[in-house]
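# Breakdown of the fold
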Amino acid sequence: MATPAQIENLRKTATGIRINILKMLNTSGSGHTGGSLSAVEILTSLFFSEMKYRANDPGWEGRDHFVLSKGHAAPVLYATLAQAGFFAADELSSLRRLGCSLQGHPSCVCTPGVEVSTGSLGQGLSMALGLALAVRLDQKPSRVYVLCGDGEMQEGQIWEAAMAAAHFRVDNLCAIVDNNGLQIDGPVAKVMGIEPLWKKWEDFGWGVQRIDGHNPEEILDAFATARQIRGRPAVIIAKTVKGKGVSFFENKVEYHGVAPSADELKRALKELEG
Amino acid sequence: MSSLKLTPRIVRGDCLEKPDPKALRDAYGSTLVKLGEKDRNVVALDADLSSSTRTSMFAAKFPDRFFNMGLAEQNMMGTAAGLAKGGKIPFASTFAIFASGRAWEQIRQSIAYSRLNVKIVATHGGITVGEDGPSHQTVEDLAIMRVIPGMTLIVPADAVETGKAVEAAYRLQGPVFMRLTRAKFPTVFTDDYEFQIGKGTVVNEGEDLAIFACGLMVYHSLQAARILAEKGISARVVNISTLKPLDKDLIVESAKKTRAVVTAEEHSIIGGLGGAVTEVLSAAFPVPVEMVGVKDSFGTSGKAEELLKYFQLEPGDIVNAGLRAVERKK
Ligand SMILES: Cc1ncc(C[n+]2csc(CCOP(=O)(O)OP(=O)(O)O)c2C)c(N)n1
Ligand SMILES: [Mg+2]
């Protein structure tokens, strides 16, 4: 159980990461704002409380694993990895530049701390499943976390992987769905409905939890509960707000793949820095 | 045959008289079991075709290290990528069209772009799949695998080479796509043959013409070389079992020596071995090239032998291509 002070710390860290996301996106002039901001508390809770890893030794045997299946949210991953010490924070300003280590979507070949390459949606859950099976074969205590988008739930491969993970009774795997309700062309419900999402996962044999994806306490509790689930994989459907933390980005479809302008950055920082 | 100059020791001297056909996938299955015995990091995946691909042999021996992923090729490739990330050496198998086609983008991003150590051994490549017809045949797989950066692409010529290639793939760090077949192939090589990834092998020496071939077409090219020899044309037959990385030196050297080239493959003439060889020669040493392969069409149902005739992949077709190439260099 996290103490109130720890939770408060996570909240502070989350705000710092939001600020870095906005700054790096503004510098690069392109990238995915909305889906990065909706996942900040999820990644913060993972990297600064739940997961075991060594930032100076990303391949450390005993580590827990993280796969960002919704790879377009690379900025939140990069800002989190920098904060965790995988690389220097001043590298964040090189996002999306030719010759830099921070590709537009996560690349395990280029960036320390990125474990597998993603960006083409629907593939991360399968890779996480493979990792979980490898960990189990080696009888290691490590856990595997994977973050998916809710629009991503429309990909058929997600359900192939969902079926397989339950079939193999993989219980060191925890998927999180960033349930922000939006995708590129509009609300998920309008583009291609996925509800009842919890029931789909339950019917596929997973242990399902539904939480507020911006509340670190709830997120950490859900991770703890997931660790107790035996004989089947766990999924956390995290209700989130796309663009969270910046009032004029929140719930705006248009800010899926648009970087903040200089003026927007200024106003956003005012809101966040208070 | 005294008219041929089969490479001694590594090519069976009587291979044309005694074809000794063997299934490549049997060699795969038994080699995989051997690898599984010596290395517990070797794991295998299949997509409901394990009895056909022969991963069933591994499954029987090592049930804990075998994953039947069901009819879900995309998830199979992604899971294999994750297993590789976790330090395993996964061999993933299904039919070549489903491995290469259905899961192409998973192979591209999850495996190749991530530079993960996954070995895809796909059986039932080409048209010799036979009666099942075009849905189950593939004449496109080599083209779409060859174009992926960092992919190693292997098409063994017989069961002997298959066993050695599977071992070499295991030793290589990085992604491999290996194309095997349903049909049994005559045995070209002796056990003394040493397979090396990225190295072609001269199986018959000659001066007038170079025939680059892979898979079953290596044997057909030897048969063609015997017929050509009777017509006074000596053909160097080169087994190009690694389509990527390609043995450019041997290809250019052979072209310089013979100044006339034939490529032969059980694949579309677009993008496969013919494409690879002409890409090299057009830049390094342009000579007349004639391609034997499937001419931009789907397969069709029939017996394997009938199909080889129908698609003009028989020794006689290689002979005709050779005569054309030799004629063009004059
Ligand atoms: C296979 C694939 N198709 C299309 C895209 C383009 N694309 C990028 S993000 C996105 C929408 C994703 O929506 P969602 O999963 O809900 O992500 P989030 O709302 O968290 O940003 C699409 C269609 C892609 N990256 N991959
Ligand atoms: Mg969404």
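For clarity, every value in this text was computed on a predicted model and none was experimentally measured.

Turning to the overall build of chain A, a few remarks are in order. Helix and strand content of chain A: ten helices and five strands. Its C-alpha radius of gyration of 17 Å places chain A within 12% of the 19 Å reference for a compact globule of 274 residues. Across its three principal axes, chain A shows a C-alpha extent of roughly 50 × 45 × 40 Å. Per element, the accessible surface of chain A, about 10,600 Å² overall, is 50% carbon and sulfur. Considering chain A, the positive charge centre built from 28 side chains and the negative charge centre built from 30 side chains are found 1 Å apart.

Residues and elements named next belong to chain B. Ordered by their spatial adjacency, five strands build an open sheet running β9-β11-β10-β13-β14, and the pairing between neighbours is mixed. Unpaired on one side and paired on the other, β9 (201-204) and β14 (289-294) mark the two borders of the sheet. Taken over all neighbouring pairs, the strand axes of this sheet differ in orientation by 25° on average, direction set aside. Pairing analysis gives three bridges linking β9 to strand β11 (residues 235-239), with the strands arranged antiparallel.

Turning our attention to the nonpolar core. Most often, soluble globular proteins have nonpolar side chains that are buried together. In terms of nonpolar packing, the biggest core is built from 83 residues, with Met153(A), Leu173(A), Trp201(A), Trp206(A), Met77(B), Val261(B) and Leu281(B) touching the most fellow members. When residues in this core are grouped by element, the largest group, eight residues, is from helix α5 (residues 124-137) of chain A. Val261(B) has contacts with Leu209(B), Ala210(B), Phe212(B), Ala255(B), Val277(B), Leu281(B), Val287(B), Pro288(B), Val289(B), Glu290(B) and Ala325(B), leaving out every residue within four places of it along the chain. With 68 residues, the next largest nonpolar core counts Phe66(B), Phe185(B), Tyr193(B) and Ala213(B) among its residues.

Residue and element names in this part refer to chain A. Within the first shell, the magnesium ion (ligand 2) binds the protein through Asp150 (OD), Asn180 (OD1) and Leu182 (O), at distances of 2.1 Å. Between consecutive donor residues of the magnesium ion (ligand 2), the sequence gaps follow D-x29-N-x1-L. Residue Asp150 is found in the loop between β2 (144-149) and α6 (156-167), and its partner Leu182 is found in the loop between β3 (173-179) and α7 (188-192); the two are separated by 32 residues along the sequence. Judged on exposure class, the residue Asp150 and its partner Leu182 are both buried.

Residues and elements named next belong to chain A. In the region of ligand 1, 17 residues are neighbours, and Lys70, His72, Asp150, Gly151 and Lys242 sit closest. Lys70 is positioned with one of its side-chain polar atoms (N or O) 2.7 Å from an oxygen atom of ligand 1. The side chain of Lys242 places a nitrogen or oxygen atom 2.7 Å from an oxygen atom of ligand 1. Among the residues making up the shell around ligand 1, the classes are represented as three nonpolar, nine polar and five charged.

The next point concerns the environment of Lys184(B). Residues and elements named next belong to chain B. Secondary-structure assignment places Lys184 in strand β8 (residues 184-185). In this structure the C-alpha to C-alpha distance between Lys184 and Lys22, which are 162 residues apart in sequence, comes to 4.8 Å. Excluding anything up to four places from it in sequence, Lys184 contacts Pro21, Lys22 and Ala23.

All names here are of chain B. Entries for chain B in the domain assignment read domain 1 (22-185) and domain 2 (201-329). Computed over C-alpha atoms only, the centres of domain 1 and domain 2 are separated by 26 Å. Counting residues at the interface gives 31 residues for domain 1 and 32 residues for domain 2. When domain 1 packs against domain 2, close to 2,300 Å² is buried across both sides, 57% of that on carbon and sulfur atoms. Among the residues domain 1 hides against domain 2, the three largest losses belong to Ile127, Val139 and Arg146. Together they make up 31% of the total. Glu279 is the partner of Arg146 in a salt bridge, and the nearest nitrogen-oxygen pair spans 2.8 Å. Remark: the boundary between domain 1 and domain 2 carries 19 residue pairs in polar contact (both at pLDDT 80 or more). Among the secondary structure elements, those contributing two or more residues to the side of domain 1 that touches domain 2 are α7 (141-146) and β6 (152-154). The residue makeup of the side of domain 1 that touches domain 2, split by class, is 15 nonpolar, nine polar and seven charged.

Bringing a negative patch on the surface into the picture now. On the surface, Asp212(A), Glu217(A), Glu218(A) and Asp221(A) cluster together to form a negatively charged patch. It is helix α9 (residues 216-228) of chain A that contributes the most residues to the negative patch, three residues altogether.

Looking now at the interface of chain A and chain B. In this assembly, 26 residues from chain A lie in contact with 28 residues from chain B. Summed over both sides, the interface between chain A and chain B buries roughly 2,100 Å², with carbon and sulfur atoms accounting for 56% of that surface. Sorting the residues of chain A by area buried against chain B places Gln123(A), Leu137(A) and Glu160(A) first, and these three jointly supply 25% of that buried surface. For the pair chain A and chain B, the number of links is one salt bridge. A salt bridge links Lys88(B) to Asp138(A); the shortest N-O distance between them is 2.5 Å. Of all the secondary-structure elements, those providing two or more residues to the side of chain A that touches chain B are α5 and α6 of chain A. Of all the elements, α5(A) adds the most residues to the side of chain A that touches chain B, at eight residues.

Analysis parameters
- Residues numbered from 1 in each chain as written.
- Chains lettered and ligands numbered in written order.
- Predicted model: local features only at pLDDT ≥ 70, side-chain atom pairs only at ≥ 80, totals over all residues.
- Heavy atoms only, no water.
- Helix = DSSP H or I, 4+ residues; strand = E, 2+ residues; numbered from the N terminus.
- Rg over C-alpha atoms; globule rule 2.2 N^0.38 Å.
- Areas by Shrake-Rupley, 256 points an atom, 1.4 Å probe, with all protein chains shown as cover.
- Lys, Arg positive; Asp, Glu negative; His and termini not counted.
- Charge placed at Lys NZ, Arg CZ, Asp CG, Glu CD.
- Pairing = 2+ DSSP bridges.
- Axes fitted to C-alpha atoms, helices over the stretch in contact; angles between N-to-C directions.
- Core = buried A, V, L, I, M, F, W, Y, C linked by side-chain atoms within 4.5 Å.
- Buried < 20%, exposed > 50% of the residue type's maximum accessible area, 1.4 Å probe, protein only.
- Contact = heavy atoms within 4.5 Å.
- Donors = N, O, S within 2.8 Å, 3.2 Å for Na, K, Ca; no water.
- Near = heavy atom within 4 Å.
- Polar contact = N/O pair within 3.5 Å; in protein donor to acceptor, adjacent residues only side chain to side chain.
- Nonpolar A, V, L, I, M, F, W, Y, C, P; charged D, E, K, R; others polar.
- Domains from an automatic or database assignment.
- Buried area = accessible area lost by both parts, 1.4 Å probe.
- Salt bridge = Lys/Arg side-chain N within 4 Å of Asp/Glu carboxyl O.
- Patch = residues over 30% accessible without salt bridge, like charges linked within 9 Å, V, L, I, M, F, W, Y side chains within 5 Å.

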